[in-house]
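Survey of secondary and tertiary structure
Below, each chain spelled out in residue letters.
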Protein chains: 2
Amino acid sequence: MVEPHSAGEKIATNLRKGVLEFCVLALLSRREMYGLELANALVERGLTASEGSLYPLLARMREAGEVETRWESPQGARARRYYAVTDAGRAQLELFEEVWGEISGQVERVLKEQS
Amino acid sequence: MVEPHSAGEKIATNLRKGVLEFCVLALLSRREMYGLELANALVERGLTASEGSLYPLLARMREAGEVETRWESPQGARARRYYAVTDAGRAQLELFEEVWGEISGQVERVLKEQS
DNA sequence: TTTACAAGGCTTGCTACGCAAGGTAACGTC
DNA sequence: GACGTTACCTTGCGTAGCAAGCCTTGTAAA
């Protein structure tokens, strides 16, 4: 795990840009989740630093039609907004997988050639 | 290759953030290169869209001491500024390889779990 | 009852990176 | 001397992630 406030964390922050959105789509394509649940799953994997990135992102994705939401109010607990991926979201995810494959492949190649 | 101006190119632009700097270091650790030469090598690999990202980046890296430069004036050609990686640059590259391994590994995992 | 704490949602202000477009200067060629 | 090319660099912009914090609701303790 990368320690907080380190130089490595600065590198990680930039690497996460443009990745988070599609990790959200990937997680949601298994099952719907609510905000904090998503945030925890992503923090565990080192894919985001906090909910500070997640909620604005979810709002953008909702506007773009990649996810849709419904409220659920469990007894004796705060209401939760659940997010589910749409068909448009699934299409975006597929596109991402393609682009990710190309770019990450090129990065690996450049890193290996260099030794 | 990702077509220009497409939705895929938008994804790629975000994926490139924070990657370009270390691809430059990796390329330079094989041999020193001048600006346009670097730019062409990176565009070929799909790791940047144009020199518009590269020159400001090189200036930042010079200030940070990750690269050092010297001018060369070949006969019958414009002067070229050659870039070479420093020890500090090599240290940064090693750190990047670590962080890249962690994050790209997690991305792969999330993408695979999802099918 | 009121204080504290946790879960859950969201906002604000900021930084930094990549990009498109354009600008400048030196060199060779016609 | 006009033009295309090579090579350097700048300007203005959009946007994503982050830290820090705010508000509400519910539970539990004092």
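Right above here is the structure, for reference.
Residues numbered from 1 in each chain as written. Chains lettered and ligands numbered in written order. Predicted model: local features only at pLDDT ≥ 70, side-chain atom pairs only at ≥ 80, totals over all residues.

Notes on the overall build of chain A
As a reminder of what qualifies: Numbering of helices and strands runs from the N terminus; a helix is a DSSP stretch of H or I covering at least four residues, while a strand is a stretch of E covering at least two. Exposure in this text rests on C-beta crowding, where 20 or more other C-beta atoms within 10 Å of a residue's own make it buried, 12 or fewer make it exposed, and counts in between make it partly exposed. The C-beta atoms are placed from the backbone. Contact between two residues is assigned whenever their backbone-derived C-beta positions fall within 7 Å.
A tally of helices and strands in chain A yields 5 helices and 3 strands. When the helices and strands of chain A are listed from N to C terminus, the series reads α-α-β-α-α-β-β-α. Taking the principal axes of its C-alpha atoms as reference, chain A extends roughly 60 × 35 × 20 Å. The buried share among the 115 residues of chain A stands at 30%. Across chain A, every contact between residues at least 6 apart in sequence was considered, and the portion connecting residues at least 24 apart equals 48%.

Describing the protein's contact with DNA strand C
Formally: Note on definitions: a residue is near a molecule or strand provided its C-beta atom, placed from the backbone, lies within 6 Å of it. By the convention adopted, Pro, Cys, Tyr, Trp, Phe, Met, Ile, Leu, Val and Ala count as nonpolar, Lys, Arg, Asp and Glu as charged, and the other residues, Gly among them, as polar.
Near DNA strand C there are 31 residues, and of these Gly35 of chain A together with Ala49, Gly52, Ser53 and Gly76 of chain B occur at the shortest range. Class assignment of the residues belonging to the surface near DNA strand C gives a composition of 12 nonpolar, 10 polar and 9 charged.

Examining the protein's contact with DNA strand D
Of all residues adjacent to DNA strand D, which total 32 residues, the nearest are Ala49, Gly52, Ser53 and Gly76 of chain A together with Gly35 of chain B. When contributions to the surface near DNA strand D are tallied by element, the ones reaching two or more residues are α1 (7-16), α2 (20-28) and α4 (51-63) of chain A together with α3 (35-44), α4 (51-63) and β3 (80-85) of chain B. Here the surface near DNA strand D gets 6 residues from one element, more than from any other, and that element is α4 of chain B. The residue inventory of the surface near DNA strand D, partitioned by class, reads 13 nonpolar, 10 polar and 9 charged.

Comments concerning the packing of helix α5 (residues 87-113) of chain A against helix α5 (residues 87-113) of chain B
Here is the rule we go by: All axes here are fitted lines through C-alpha atoms, helices being fitted over the stretch that makes contact, and every angle between N-to-C directions spans 0 to 180 degrees. Here roughly perpendicular refers to angles of 65 to 115 degrees, roughly parallel to angles under 35, roughly antiparallel to angles over 145, and oblique to all remaining angles. Two helices cross in a left-handed way if the nearer one is turned anticlockwise from the farther one by less than a right angle. They cross in a right-handed way if the turn is clockwise.
Relative orientation of the contacting elements α5 of chain A and α5 of chain B amounts to 155°, with a least axis distance of 12 Å. Here α5 of chain A is positioned roughly antiparallel relative to α5 of chain B, judged by the angle of their axes. The hand of the α5 of chain A/α5 of chain B crossing is left-handed. When α5 of chain A is examined against α5 of chain B, the residues Glu97, Trp100, Ser104, Val107 and Leu111 of chain A are found in contact with a partner set consisting of Glu97, Trp100, Ser104, Val107 and Leu111 of chain B. Residue classes in the contact of α5 of chain A with α5 of chain B are distributed as 6 nonpolar, 2 polar and 2 charged.

With respect to the interface of chain A and chain B
Residue-level contacts link 34 residues of chain A with 34 residues of chain B. Contributions of two or more residues to the side of chain A that touches chain B are made by α1, α2 and α5 of chain A. Broken down by element, the residue count for the side of chain A that touches chain B peaks at 14 residues, all from α5 of chain A.

Details of the sheet that holds strand β3 (residues 80-85) of chain A
Residue and element names in this part refer to chain A. Quick note on the threshold: Should DSSP find at least two bridges between two strands, the strands are regarded as paired.
With antiparallel pairing, the 3 strands of this open sheet are ordered in space as β1-β3-β2. Edge positions in the sheet fall to β1 (33-34) and β2 (67-72), since each of these pairs with one other strand and no more. Pairing of β2 with β3 involves 6 bridges; the strand directions are antiparallel. Looking at β3, one finds that Thr69 is bridged to Tyr83.

Focus on the environment of Leu28 of chain A
All names here are of chain A. Among the structural elements, Leu28 can be located in helix α2. Note on Leu28: 23 C-beta atoms within 10 Å, which makes it buried. Along the sequence, Leu28 and Asn40 sit 12 residues apart, while their C-alpha atoms lie 13 Å from each other. Setting aside anything within four residues of it in sequence, one finds Leu28 in contact with Met33, Val67, Tyr83, Ala84 and Val85.

Comments concerning the relation of the copies chain A and chain B
Rule in force here: When the copies are overlaid, the least-squares fit takes in C-alpha atoms only where the residue has pLDDT of at least 70 in both copies.
Each copy superposes on the other: chain A lies on chain B with an RMSD of 0.0 Å after a rotation of 180° and an axial shift of 0.0 Å. Both chain copies can therefore be described as sitting about a two-fold axis. When the interface residues of chain A are mapped onto chain B, 100% of them again lie at the interface, so the same face is used by both copies.

What to know about the pairing of β3 of chain A
Relative to β3 of chain A, β1 of chain A is paired through 2 bridges, and the arrangement is antiparallel. Residue pairing for β3 of chain A: Met33 of chain A is matched across the bridge by Tyr83 of chain A.

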